[in-house]
Amino acid sequence: MAKVNPHYGKLQAGYLFPEIAKRTREFAADNPDARVMRLGIGNTTEPLTPAIVSGLHAGVDKLASADTYTGYGDEQGFSELREAIAKRYTTYGVTLDLDDIFVSDGAKSDSANIQSIFGEDNVVAVQDPAYPVYVDSNVIGGKTGSGSDGQFDGLVYMPCTEENNFFPELPEGKVDLIYLCSPNNPTGAVATIQQLKTFVDYALEHKAVIIFDAAYASFISDSRLPRSIYEVEGAKECAIEINSFSKEAGFTGVRLGWTVVPKALVCEDGDAGEVNRLWLRRQTTMFNGASNVVQYGGLAVLTEQGQKECQELVTYYMANAKRIRACLEGLGITCFGGENAPYVWLKTPDGMTSWEFFDKMLNETHVVGTPGSGFGPAGEGYFRLSAFGHKEDIEEAVASIQSNLKL
Ligand SMILES: *Cc1c(COP(=O)(O)O)cnc(C)c1O
């Protein structure tokens, strides 16, 4: 008799986005003339830029000729692409070996799969609120107890609130795997070098491993803020970094990312190099490499022209963030983020819960956002608006909030 993985039963049935979809559907059915504006999901909207389209086309053309055709490639990714990624790190003052870099089909799969190379008895710590994949993948991997009210036993929640500028305190006891995301989804906060150093020092002391999600690194415009955890001394001995072409190059549908697992990384019961070897083993067993066509597109992203065009995309979205922030602040709403990250994290007025504010926004302004409580218990009383959208649509949403939100 086949039996399912019982850990799936602990998940609260993917509560957040289906619930948003359900309430939005019901509102649209009751208000057929209302134009619903979606600032809820972090999905890119602007087309691929010319240099990148050419790179992808050239990749297809290579497959059309016997001389340049390729089939399965190196599971770690094209060496030229890993070289281009390593070159980007040198601009942060970080040197990486090519075999520390693993090209993948995106940061979501890597951030979900990385837990599988660590034993079930690791204590896992997550920022609260957090990108839901970190929690759910560890639940599925059997590294937590059961859940109730959106919290799982055995998981260490590190609250990120206004009081600590949305960067967590160090865990009190000993934890083994620590997920950090900066620039942060959902809060839009960006960690400083000093803040990251507190965690790197903790991890080195306790032989813990930090899993650092830098998917929004390209949205940082303040040059003092770190774009990689490896800008902190000692981080190569304790941190894995995950990144993606999705948000910076509009590859959400194209699919390409990378993970850095330094050979210098040590964990409690393994020598340096062990974690790197395990991730290689995991990837060569379960993954057959990112699409070769897409990797040609990735190479184009990392050319000088590609970077120039991507920076224009980022600037476009960040202008949206500025519009959203200016509108909310003009209404007297306290907000955070939106300066070096494409998310604005607002404090709900009058102590409303996140879902109460969701309903109010939808009913009064027809704008859909994301309730902060869906990202973890400390997100209660907050609400996320995404800067991904066409400028005209963001302007329309902002105008509607301006005129129709009753405060
Ligand atoms: C969007 C997002 C990702 C997903 O990246 P993909 O490369 O598209 O899978 C990863 N981490 C965070 C925090 C994100 O918001």
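Thresholds applied
Residues numbered from 1 in each chain as written. Predicted model: local features only at pLDDT ≥ 70, side-chain atom pairs only at ≥ 80, totals over all residues. Heavy atoms only, no water. Helix = DSSP H or I, 4+ residues; strand = E, 2+ residues; numbered from the N terminus. Rg over C-alpha atoms; globule rule 2.2 N^0.38 Å. Contact = heavy atoms within 4.5 Å. Areas by Shrake-Rupley, 256 points an atom, 1.4 Å probe, with all protein chains shown as cover. Buried < 20%, exposed > 50% of the residue type's maximum accessible area, 1.4 Å probe, protein only. Near = heavy atom within 4 Å. Polar contact = N/O pair within 3.5 Å; in protein donor to acceptor, adjacent residues only side chain to side chain. Core = buried A, V, L, I, M, F, W, Y, C linked by side-chain atoms within 4.5 Å. Disulfide = S-S within 2.5 Å. Pairing = 2+ DSSP bridges. Axes fitted to C-alpha atoms, helices over the stretch in contact; angles between N-to-C directions. Domains from an automatic or database assignment. Buried area = accessible area lost by both parts, 1.4 Å probe. Salt bridge = Lys/Arg side-chain N within 4 Å of Asp/Glu carboxyl O.

**Topic: the overall build of the chain**
Moving on, step 1. Along the backbone of the chain there are 12 helices and 15 strands.
Moving on, step 2. In terms of C-alpha radius of gyration, the chain reaches 21 Å, essentially the compact-globule figure of 22 Å for 407 residues.
Moving on, step 3. Considered along the principal axes of its C-alpha atoms, the chain spans approximately 60 × 55 × 50 Å.
Moving on, step 4. In the chain, the share of contacts with a sequence separation of at least 24, taken over all contacts with a separation of at least 6, comes to 74%.
Moving on, step 5. In the structure as shown, the chain presents an accessible area of about 17700 Å², 51% of it carried by carbon and sulfur atoms.

**Digging into the environment of Leu155**
Moving on, step 1. Looking at the secondary structure, you find Leu155 in strand E6 (residues 155–159).
Moving on, step 2. Overall, Leu155 belongs to the buried group, its relative accessible area being 8%.
Moving on, step 3. For the pair Leu155 and Asn138, spaced 17 residues apart in the sequence, the C-alpha separation amounts to 9.0 Å.

**What about the site of the ligand?**
Moving on, step 1. Around the ligand, the surrounding shell holds 14 residues, and the nearest of these are Asp213, Tyr216, Ser244, Ser246 and Lys247.
Moving on, step 2. In the model, an oxygen atom of the ligand is placed 2.7 Å from a nitrogen or oxygen of the Ala107 main chain.
Moving on, step 3. Side-chain polar atom of Asp213 to a nitrogen atom of the ligand: 2.7 Å apart, as the coordinates give it.
Moving on, step 4. The protein chains hide 93% of the 390 Å² of surface that the ligand would expose on its own.
Moving on, step 5. Secondary structure elements with two or more residues in the shell around the ligand: helix H4 (107–113) and helix H7 (246–249).

**A short note on the nonpolar core**
Moving on, step 1. Judged by nonpolar contacts, the single largest core of 49 residues is most densely connected at Tyr89, Ile178, Ile210, Ile229 and Tyr230.
Moving on, step 2. Taken together, the elements giving at least two residues each to this core come down to helix H2 (50–63), helix H3 (79–90), strand E2 (101–104), strand E7 (177–181), helix H6 (193–206), strand E8 (209–213), strand E10 (257–260) and helix H9 (292–301).
Moving on, step 3. Setting aside residues up to four positions removed in sequence, Ile210 forms contacts with Ile178, Leu180, Phe199, Val200, Ala203, Ile229, Cys238, Ala239 and Ile240.
Moving on, step 4. Grouped together as the second largest cluster of nonpolar side chains are 35 residues, Cys327, Ile333, Val344 and Leu405 included.

**A closer look at the side chain of Ser137**
Moving on, step 1. Mapped onto the elements of the fold, Ser137 is located in helix H5 (residues 132–140).
Moving on, step 2. Separated by 2.8 Å, the side chain of Ser137 and the backbone oxygen of Val133 make a polar contact.
Moving on, step 3. Excluding residues within four positions of it along the chain, Ser137 makes contact with Ser111, Ala112 and Gln115.

**Re the state of the cysteines**
Moving on, step 1. The full count for this structure, using the stated rule, is zero disulfides.
Moving on, step 2. Cys181 takes part in no disulfide bond, and the closest cysteine sulfur, belonging to Cys160, lies 10 Å away.
Moving on, step 3. On the basis of relative accessible area, Cys181 is assigned to the buried category, the value being 5%.
Moving on, step 4. No disulfide involves Cys238; its nearest neighbouring cysteine sulfur is the one of Cys267, lying 12 Å away.

**Side note on the pairing of strand E15 (residues 382–386)**
Moving on, step 1. Extensive coverage of E15 is indicated by the burial of five of its five residues.
Moving on, step 2. Of the two faces of E15, both are covered, the one formed by Tyr382, Arg384 and Ser386 as well as the one formed by Phe383 and Leu385.
Moving on, step 3. Strand direction decides the pairing type here: strand E12 (residues 343–347) and E15, joined by five bridges, are antiparallel. By the bridge assignment, Leu346 is partnered in E15 with Phe383.
Moving on, step 4. Pairing geometry for strand E14 (residues 370–371) and E15, over two bridges, is antiparallel. Residue Pro371 lies in a different strand from E15, and its bridge partner there is Phe383.

**Brief notes about the sheet that holds strand E11 (residues 335–337)**
Strands pair in a sheet through their backbones, by hydrogen bonds, and they do so in one of two ways: parallel or antiparallel.
Moving on, step 1. Reading across the sheet, the four strands line up as E11-E12-E15-E14 and stay open at both edges, with antiparallel pairing between neighbours. Of all the strands in the sheet, the pair left with one neighbour each is E11 and E14.
Moving on, step 2. The sheet strands contacting helix H11 (residues 354–365) are E12, E14 and E15, and the helix crosses E15 at an angle near 45°.

**Thoughts on the domain arrangement of the chain**
Moving on, step 1. We note that the domain assignment places domain 1 (10–47 + 306–404) and domain 2 (52–302) within the chain.
Moving on, step 2. For domain 1 versus domain 2, the distance between C-alpha centres works out to 26 Å.
Moving on, step 3. Of the residues lining the interface, 34 residues belong to domain 1; the matching set on domain 2 comes to 47 residues.
Moving on, step 4. Counting each side, the surface lost to burial between domain 1 and domain 2 is near 3000 Å², with a carbon and sulfur contribution of 60%.
Moving on, step 5. On the surface where domain 1 and domain 2 come into contact, there are one salt bridge.
Moving on, step 6. In this structure, the salt-bridge partner of Lys347 is Glu162, at a minimum N-O distance of 2.7 Å.

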